[in-house]
Amino acid sequence: MLTHRTNRTALLMAAGTAALALTASACSSDGDGKSGDDNGRTAADRAPKGVVTEAGAKEIVDNYVKVNNRANAKRDSHILSAVEGGGLFETSANGYKQDKLQSAKDRADGRKPFEYVNREYVIPSAKSGVTWFALRADTKGANGTSDKTSRATVVFDKVDGDWKAVWSGWTTKKDPKTPALAKDSDGFAVPVTDTGKKQGILAPDQMDDALVALYATDEKLGNKVGASETAKWMTQFPLEQNKMLNPGGKSEFKAGKTDHKKVYALRTEKGGTLTFFNADVQEYMHTTDPAALITPSPQIAFLVGSKKDERVFLVDYLHQGSAYIPAKGTVSMVTDSWDMIKAEGPRRGLR
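Residues numbered from 1 in each chain as written. Predicted model: local features only at pLDDT ≥ 70, side-chain atom pairs only at ≥ 80, totals over all residues. Heavy atoms only, no water.

Caption draft 1: Quick peek at the environment of Val155. Position of Val155 relative to the elements: it lies in strand E6 (residues 151-159). The buried category is assigned to Val155, whose relative accessible area is 0%. With near-sequence residues (within four places) excluded, Val155 lies in contact with Trp132, Phe133, Ala134, Lys164, Ala165, Val166, Trp167, Tyr264 and Phe276. (Helix = DSSP H or I, 4+ residues; strand = E, 2+ residues; numbered from the N terminus. Buried < 20%, exposed > 50% of the residue type's maximum accessible area, 1.4 Å probe, protein only. Contact = heavy atoms within 4.5 Å.)

Printed below as a string of C-alpha cells:
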C-alpha cells in the first residue's frame, strides 16, 4: 500500500563410431527430441537459475499491483494480506485504519490505481539460499509517471510459502545515489547471506540500532552514519518534538519492539552493501511540570482511543529504511519511510 540468462548449450560434433558411442553414452533422449544427461536433464535444466525467473517475477509483481489496487480502493487489509507481509503490511494496514484522519483529497488519491513501469528485477541465484528478490521501478499513477530520480524499490519474500511484498522505499533527488549492484558470474545479484557479520563498520543487522541512535543522540553509534537528508531529518525530529513540548514536557527516544527482524542486503560493485531493514522507534512523551498536561495529536488520540490530555504517552513508529554500508567509511542512510503504529496513555493502562 505504501508503494506504491543466458542458457548455454554445448554441442559436440564428431565423426566415427567411437565418437558416436561416446555421445550416446553421455546423452539420452527425453522422447520428444530433446537431449538430456544421465539424469534426463536438458541444457535448459542445467542452466543457472535464480530464486525466480524474470517471467515469474513479472507475474508476481503484476498480481501484487492488481490485488493492491483492489485493497486500496476498498481500504481492506484482509485483501491486502494476500500479497503483503512483514513490516510493509503492518504499516499499510495501520494506514487503512487511520484513513479517516486524512483529508478528502488524500483519501481519494489513496484509492486511485497505480502501476510499476520501467521495471528492473534484482534476482539472486537459487544457489545463494535466499528466498527473496527485489523490484526497482517508477510508479505510474493517475497523475502520470513519477520522475526517474524517484525510484521505488520493493522486496518480495516467501511468507508461509506465498510471494509477498515485505519492504518498500523510494529514492529521491535529495537521497544519496544508489550504488551499482554486484553480479555473480551468471549475471545474478549477489545477496549478503550473513547479515549479522560486519560488512564495513556496521553489520546490516545493526542498522535498526543505528537508525534509533540518530533519534536518541547516541553519538557512539550515530556517528557511524554520515550526513544525508534522511539522517538529518531523524536527528531534527527529537529537537522539534522537545521544542513543541517545552516548557513543561519532554520527549525521549529508544528502540521499541518489532517482530519484523529480517534484514535484506545486496553486494555492490565497489565491495559495499546495500541493505533494507525495519526499525521500531519508541517515543516517551512526558511532562516535567506537575501542573502540565500533554494534548494528544489526532493520530495519537485515535490510536489511544481518547482525546483526553494526559501526563504521559508512549508512541511507536515503525520505519522501513535502506542504507549503504561502504567497504570503508561512514554509512549512508539512503531512504526511510515510517508510520505511527501504536500509542498508549494512562487510560489504556500505561503507568
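Next comes the rest of the description.
Caption draft 2: Spotlight on the pattern of salt bridges. Per the counting criterion, the structure on display carries 10 salt bridges. In this structure, the salt-bridge partner of Arg119 is Asp62, at a minimum N-O distance of 2.8 Å. Of this pair, Arg119 sits in strand E3 (residues 115-122) while Asp62 sits in helix H3 (residues 54-74); the two residues are 57 residues apart in sequence, bridging distant segments of the chain. Arg119 sits in the partly exposed class, given a relative accessible area of 23%. Residues Asp109 and Lys112 are paired through a salt bridge, measuring 3.1 Å at the closest nitrogen-oxygen approach. With a relative accessible area of 28%, Asp109 lands in the partly exposed category. Since its relative accessible area comes to 36%, Lys112 is described here as partly exposed. (Salt bridge = Lys/Arg side-chain N within 4 Å of Asp/Glu carboxyl O.)

Caption draft 3: Spatial organisation of helix H9 (residues 229-245). Between its terminal C-alpha atoms H9 stretches 24 Å, which fits the 24 Å expected from 17 residues at 1.5 Å a residue. In the structure, H9 departs most strongly from a straight axis at Gln236, where the bend amounts to approximately 25° and where the proline Pro238 lies between one and four residues downstream. Among all positions in H9, only Thr230, Ala231, Met234, Phe237, Pro238, Gln241 and Leu245 are buried. As for H9, its buried residues are in contact with helix H7 (207-216), strand E8 (249-255), strand E10 (273-287), strand E11 (312-325) and strand E12 (332-344). (Expected span 1.5 Å × (residues − 1). Bend = angle between axes of the 7 residues up to and from the residue.)

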